[in-house]
Amino acid sequence: MASGQLSREEALACEGCRHACHVMLFCNTNSKLFGKIPIRHIPLMQMRFDGLLGFSGGFVNLSKESLEEGLRRELSEELGVDITISEEHHVDACFSPTSSLSSSSRLILHFYVKKMEEEEIRKVEQMASSTAADHGQEVLGMVRVPLYTLKDGSGLATFLSHSFVGNARSQLINSLQRFNLVPPQELHKALSRAMEINSQTAMNLQVVMT
Ligand code: APR
Ligand code: MG
C-alpha cells in the first residue's frame, strides 16, 4: 500500500476521524467525437460550488450510516438518482492533504469507482441537471472527462490542467491507470502536456494582471 494510504479497516478504526466518500462513475462507449475520434470511456466528474472539479460524494456520518450508505445518500442529493455502492467499489482511503496532522478530527477521504452502462450514465447526467436537490447550488454541473488527445495535444491534457479539489486529480489519474482507461504512454504524455499548459496559463494570467 502506498505511503499515506489506509485500508478500509484501518480507516474505520480511526477514532475521532471524519470521513468523506467520493466516487468515479464511468462507462464504456462506442461513440466517436466528430464521427471519427473514439471516446472509449465516459468518466463523470462535477464542477463544484467552489469552482473546482471534483467527484460526486461528500461527508458521511458514521454514527448514522455506513460509508457506502452515506455515499449513496450524497449521490442522491448531488445526482438525483439512487445508485447502490458496495465495498467492492472501494479503491482507496487516505488522510486529506488539507487536514491538519495535529487535528483530533482528521478527515479521511474514501474513493470508490463504479462501472455502469452507458444508458445509466446518460440518466445520471439528465437527473443531475433536472431533479437533483444540489443542482445549481453545491453542484454547478456534471462534466465528462475527455480521454482522447487531439492533434494539437488538447483533450485529456487540457482537462488535467484545470484546478481540482483536494487530491481529486490524483484519484482520477490513478483510476485511469488502474482500470486501463488510457494507455500508460498516452497518460504520461498528457500529464507532461498539462504541466506545459499550466505554465502557459500562469504567464497568460500575469499578462492579464498587468
Ligand atoms: N479529494 C480530496 N478532498 C476532497 C475531494 C477529493 N477528491 N472531494 C472533496 N474533497 C473534500 C472537500 O474539500 C471537503 O472538505 O472533502 C470534503 C467533503 O467533500 P464535499 O463533496 O465538499 O462534501 P459535501 O458533503 O458534498 O458538501 C457539504 O461541505 O465542502 C463543504 O461547505 C462545503 O457545502 C459544502 C459541505
Ligand atoms: Mg460533495
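Here goes a summary of the coordinates provided. Computed from a predicted structure; not experimentally measured.

Bringing the packing of aromatic side chains into the picture now. With the rule as written, the count across this model stands at 3 aromatic pairs. Each ring, one from F26 and one from F179, has its centre 6.0 Å from the other, and the planes form 55°; the classification is tilted. Here F26, found in strand β2 (residues 18-28), pairs with F179, found in the loop between α5 (168-178) and α6 (184-209); they are 153 residues apart in sequence, far enough to count as distant. By relative accessible area, which is 32% here, F179 ends up partly exposed. The residue whose ring lies beneath R106 is F95, and the NZ or CZ to ring-centre distance is 3.6 Å.

The next thing to look at is the site of ligand 1. Inspection of the region around ligand 1 gives 15 residues, with H22, G57, E78, N167 and Q171 positioned closest. A distance of 3.3 Å separates an oxygen atom of ligand 1 from a polar atom in the side chain of E138. Within the side chain of Q171, an N or O atom sits 2.7 Å from a nitrogen atom of ligand 1. Out of a free accessible area of 650 Å², ligand 1 has 75% covered by protein chains. Only β7 (56-60), α2 (67-79) and α5 provide two or more residues apiece to the shell around ligand 1. Tallied by class, residues from the shell around ligand 1 come to 5 nonpolar, 6 polar and 4 charged.

About the thresholds
Residues numbered from 1 in each chain as written. Chains lettered and ligands numbered in written order. Predicted model: local features only at pLDDT ≥ 70, side-chain atom pairs only at ≥ 80, totals over all residues. Heavy atoms only, no water. Phe/Tyr/Trp six-rings, centres within 6.5 Å; stacked < 30°, edge-to-face > 60°. Helix = DSSP H or I, 4+ residues; strand = E, 2+ residues; numbered from the N terminus. Buried < 20%, exposed > 50% of the residue type's maximum accessible area, 1.4 Å probe, protein only. Lys NZ or Arg CZ within 6 Å of the ring centre and 35° of its normal. Near = heavy atom within 4 Å. Polar contact = N/O pair within 3.5 Å; in protein donor to acceptor, adjacent residues only side chain to side chain. Areas by Shrake-Rupley, 256 points an atom, 1.4 Å probe, with all protein chains shown as cover. Nonpolar A, V, L, I, M, F, W, Y, C, P; charged D, E, K, R; others polar.

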